[in-house]
Amino acid sequence: MLQSHVIDIDGAFVGAAVRLDVGYRFIATDMRLDELDGSVWPTLADVQRLARRLYLSGRMPPPVGVTHH
């Protein structure tokens, strides 16, 4: 059986993180997080942080280490 974790933002259920061999796959239940749906992250903390940021701001932050020229 797969291990999953509820992702909630200030008490609102917004999705679940399913444990995989390579990290955590995010399954969105809130349309504001559709951009993250199906994405895989190395840690549960990454999923929680990015889901919160997107949910509260309405936009995805740029990936870490990406530079713009």
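Note: the structure precedes this text.
These lines cover the structure that appears in this document, whether it is placed above or below. Along each chain, the written sequence defines residue order, and numbers are assigned to residues from 1. Restriction of local features to residues with pLDDT of at least 70 applies here, the model being predicted, together with a cutoff of 80 or more for giving and counting side-chain atom pairs; totals for whole chains, interfaces and linings are based on all residues. To obtain the side-chain values, all non-hydrogen atoms of the structure were included, while hydrogens and water were left out.

As a further point, take the environment of Leu 2. Each helix is a run of H or I in the DSSP string that is no shorter than four residues. Each strand is a run of E no shorter than two, and both are numbered from the N terminus. Looking at the element boundaries, Leu 2 is found in the segment before β1 (4-9). According to the relative accessible area criterion, Leu 2 is exposed, its value standing at 60%. When the C-alpha atoms of Leu 2 and Val 18 are compared, they prove to be 6.8 Å apart, with 16 residues separating the residues in sequence. The buried label applies to any residue whose accessible area, calculated with a 1.4 Å probe on protein chains only, is under 20% of its type's maximum; exposed applies above 50%, and partly exposed to all values in between.

Right, let's get into the sheet that holds β1. Pairing is antiparallel across the open sheet formed by four strands, whose spatial order is β1-β2-β3-β4. What marks the edges here is a single partner per strand, and that holds for β1 and β4 (40-41). With two bridges connecting them, strand β3 (residues 23-28) and β4 associate as antiparallel partners. Directly across from Arg 25, in β4, lies its bridge partner Val 40. Set on the sheet, helix α1 (residues 44-57) makes contact with β1, β2 (12-20), β3 and β4; between it and β1 the angle comes to about 30°. Strands were regarded as paired on the criterion that DSSP finds at least two bridges between them. We call two residues in contact whenever any of their non-hydrogen atoms come within 4.5 Å of each other. To define axes, lines are fitted to C-alpha atoms, for helices over the stretch in contact only, and angles between the resulting N-to-C directions are given on a 0 to 180 degree scale.

Moving on: the nonpolar core. Within this scheme, the nonpolar core is defined by two criteria: the residues are buried Ala, Val, Leu, Ile, Met, Phe, Trp, Tyr or Cys, and they are joined through side-chain atoms within 4.5 Å. Core analysis: the largest hydrophobic core is formed by 15 residues, its most contacted members being Ile 7, Phe 26 and Leu 33. With six residues, α1 is the largest single contributor of residues to this core. Beyond its immediate stretch of four places on either side in the chain, Ile 7 contacts Ala 12, Phe 13, Val 14, Gly 15, Ala 16, Ala 17, Phe 26, Leu 44, Val 47, Gln 48 and Ala 51.

Across six bridges, β1 lies against β2 in antiparallel orientation. Within β2, the residue paired with Ile 9 across the bridge is Ala 12.

Our next topic: the pattern of salt bridges. The salt bridge definition used is simple: a Lys or Arg side-chain nitrogen within 4 Å of an Asp or Glu carboxyl oxygen. Enumeration according to the criterion identifies three salt bridges in this entry. Asp 10 serves as the salt-bridge partner of Arg 52, at 3.2 Å between the closest nitrogen and oxygen. One end of the pair, Arg 52, is in helix α1; the other, Asp 10, is in the loop between β1 and β2, and 42 residues separate them in sequence. Under the relative-accessibility criterion, Arg 52 is labelled partly exposed at 35%.

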